[in-house]
Amino acid sequence: MTWTKSIFILLILGVAAAGVVGFVSRTPSAVRSAAPGRDATDPSLGADFTSGDIERHAAYRGPAYLSFALGTILGLVTLAVLARGPVADLVRRLADVKGGWVVRTLIVAAVVAVVLTLVSLPLGFVRGYSVAHAWGLSTQNVAGWISDQVKAIGIGLVFAGISALVFFGLVRWQPRWWWLVGWAAFTLLTVLLTFIYPIVVAPLFNRFTPLDDPVLERRALALADEAGVTVKEVLVADASRRTTAENAYVTGIGSAKRLVLYDTLLANGDDDETAFVIAHELGHKAENHVVKNLVLSSVGLLIGFAVLAWLSHRSAVWRWAGADGIGDIRALPLLIAFVTIAGLLTLPVQNGVSRWFERDADSIAFRLTGDPDTAIRVFRRLAFANLADLKPVPLATWVLFSHPPIPDRIRAAVAESPSAP
Ligand SMILES: [Zn+2]
């Protein structure tokens with residue numbers, strides 16, 4: 001297929017997918033605005049949510065699953081279309097370009113990355129902007145949303161360029177052992193990315209300031225002491241410029257380690273509630289979850305590269321994309337499709353491990369704070385603020401949930417209560 005025809009068809013598909021998701025996401029404003037009041041976070045309610053709350057949250061979350069499925073299919077279709085002609089055509093046109101394979105690889109990687117982004121943009125706008133606004137979750141204007149997308153494309157281009165150069169460079173350099181060297185190189189890149197993400201990438205999107213609350217900070221440090229971890233500083237992210245959702249996380253390794261709280265979390269909770277969230281994040285630190293995740297992703301990379309080494313001998317696969325083999329730049333769309341499919345197949349494992357880490361962090365937080373009632377209040381508050389799916393179908397939990405469903409987390413807290421049977 002030619003470039004014009006391919007791009008035209010792909011953009012139509014992108015807009016159609018966005019239209020379907022937008023249509024399915026329609027919810028009467030009476031339902032959208034029916035958020036419960038402060039008393040709905042009462043710990044005595046435990047894991048009980050009203051059927052109105054369950055339905056309301058499902059109306060928001062259900063279409064998100066469809067959006068995920070359509071977005072994935074759209075990405076794979078885009079890569080298949082690009083593999084069947086356009087990329088080979090681009091490589092042909094670049095035959096005489098100065099700079100050899102390095103420049104050719106960078107241009108092809110950039111073009112593929114930009115096309116993938118453009119095709120997914122309408123869907124991203126519907127879920128990330130329109131629907132988020134309709135539900136009062138977004139505090140961003142269109143200009144802010146567009147500026148985020150531009151930054152994301154910029155970062156995506158840098159990562160796509162580096163990954164493609166490293167991959168094709170290694171196949172050229174080590175035609176036999178590229179997969180083993182590739183595994184080592186991409187493990188190193190993952191470690192490097194984990195290190196620089198909080199210092200280089202995150203500040204492009206948010207401002208991080210030290211927690212300006214001596215009482216809460218003293219409490220955080222005391223909790224850290226009890227958990228046996230050191231915290232240099234607790235940072236606050238200005239998440240409210242984008243969302244009303246609440247969150248906190250630990251990120252980075254080595255000197256770039258940090259504990260981050262959303263300002264929305266601080267604004268909506270009292271000190272006891274925030275202390276519980278901090279204790280949960282300290283649980284992640286105490287159990288070294290960031291490092292464990294790095295080890296696990298390195299194992300995943302090794303398996304991925306081994307499968308790719310096996311695939312590299314199946315010449316029919318690469319010929320389908322007009323490529324001479326795995327080291328041919330024309331193989332790029334197929335390689336990205338491989339990464340997408342591998343990611344999809346391992347999603348249940350990745351999220352299963354993540355849910356296990358989250359349960360660990362919760363139980364450490366229960367022990368550190370010794371205050372299950374506050375934990376239940378926090379979970380209920382987060383459920384409402386983030387419109388969490390309160391009754392997810394088991395398949396969705398199994399594949400897509402990085403955290404246990406809120407009712408499960410509440411039940412674990414209830415089990416910690418002194419009054420529990
Ligand atoms: Zn967590």
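The structure this text deals with has already been given above.
Overview of the structure. Just so it is clear, the structure is predicted and the values come from calculations on it, not from any experiment.

Regarding the sheet that holds strand β1 (residues 208-210)
Here is step 1: Strand order in the open sheet formed by 4 strands is β1-β2-β4-β3, and the pairing between neighbours is mixed. Only two strands of the sheet have a single neighbouring strand rather than two, namely β1 and β3 (248-251). Strand after strand, the sheet turns through a mean of 30° between neighbouring axes, direction not considered.
Here is step 2: Pairing analysis gives 3 bridges linking β1 to strand β2 (residues 234-237), with the strands arranged antiparallel. Counted as the bridge partner of Phe 208 is Ala 237 from β2.

A word on the packing of aromatic side chains
We describe a pair of aromatic rings using the distance from one ring centre to the other and the angle between the two ring planes.
Here is step 1: Taken as a whole, this structure holds 12 aromatic pairs when the rule is applied.
Here is step 2: Through a chain of ring-to-ring contacts, the aromatic side chains of Phe 167, Phe 168, Trp 178, Phe 186 and Phe 305 assemble into a single cluster.
Here is step 3: Sitting over the face of the ring of Phe 205, Lys 151 holds its NZ or CZ atom 5.5 Å from the ring centroid.
Here is step 4: Over the face of the ring belonging to Phe 49 we find Arg 380, whose NZ or CZ atom lies 4.2 Å from the ring centre.

Quick word on the coordination of the zinc ion
Here is step 1: Around the zinc ion, the protein contributes the donor atoms His 280 (NE2), His 284 (NE2) and Glu 358 (OE), at 2.0 to 2.1 Å from the metal centre.
Here is step 2: Donor residues for the zinc ion sit on one chain with the sequence pattern H-x3-H-x73-E. Separated by 74 residues along the polypeptide, His 284 in helix α10 (residues 271-286) and Glu 358 in helix α13 (residues 332-369) bring together distant segments of the chain.
Here is step 3: The exposure class of His 284 is buried, given its relative accessible area of 9%.
Here is step 4: Glu 358 sits in the buried class, given a relative accessible area of 8%.

Section: the nonpolar core
Here is step 1: The biggest cluster of nonpolar side chains holds 39 residues, and the ones touching the most others in it are Leu 261, Leu 282 and Phe 379.
Here is step 2: For this core, the secondary structure elements donating two or more residues are α8 (214-227), β2, β3, β4 (258-262), α10, α13, α14 (372-385) and α16 (406-416).
Here is step 3: Sort the elements by how many residues they give to this core and α14 lands first, with 7 residues.
Here is step 4: Residue contacts for Leu 282: discarding those within four places in its chain leaves Ala 220, Leu 223, Ala 224, Ala 227, Val 229, Val 231 and Leu 259.
Here is step 5: Counting 38 residues, the second largest nonpolar core, distinct from the first, contains Val 112, Val 115, Ala 164 and Phe 168.

Criteria and cut-off values
- Residues numbered from 1 in each chain as written.
- Predicted model: local features only at pLDDT ≥ 70, side-chain atom pairs only at ≥ 80, totals over all residues.
- Heavy atoms only, no water.
- Pairing = 2+ DSSP bridges.
- Helix = DSSP H or I, 4+ residues; strand = E, 2+ residues; numbered from the N terminus.
- Axes fitted to C-alpha atoms, helices over the stretch in contact; angles between N-to-C directions.
- Phe/Tyr/Trp six-rings, centres within 6.5 Å; stacked < 30°, edge-to-face > 60°.
- Lys NZ or Arg CZ within 6 Å of the ring centre and 35° of its normal.
- Donors = N, O, S within 2.8 Å, 3.2 Å for Na, K, Ca; no water.
- Buried < 20%, exposed > 50% of the residue type's maximum accessible area, 1.4 Å probe, protein only.
- Core = buried A, V, L, I, M, F, W, Y, C linked by side-chain atoms within 4.5 Å.
- Contact = heavy atoms within 4.5 Å.

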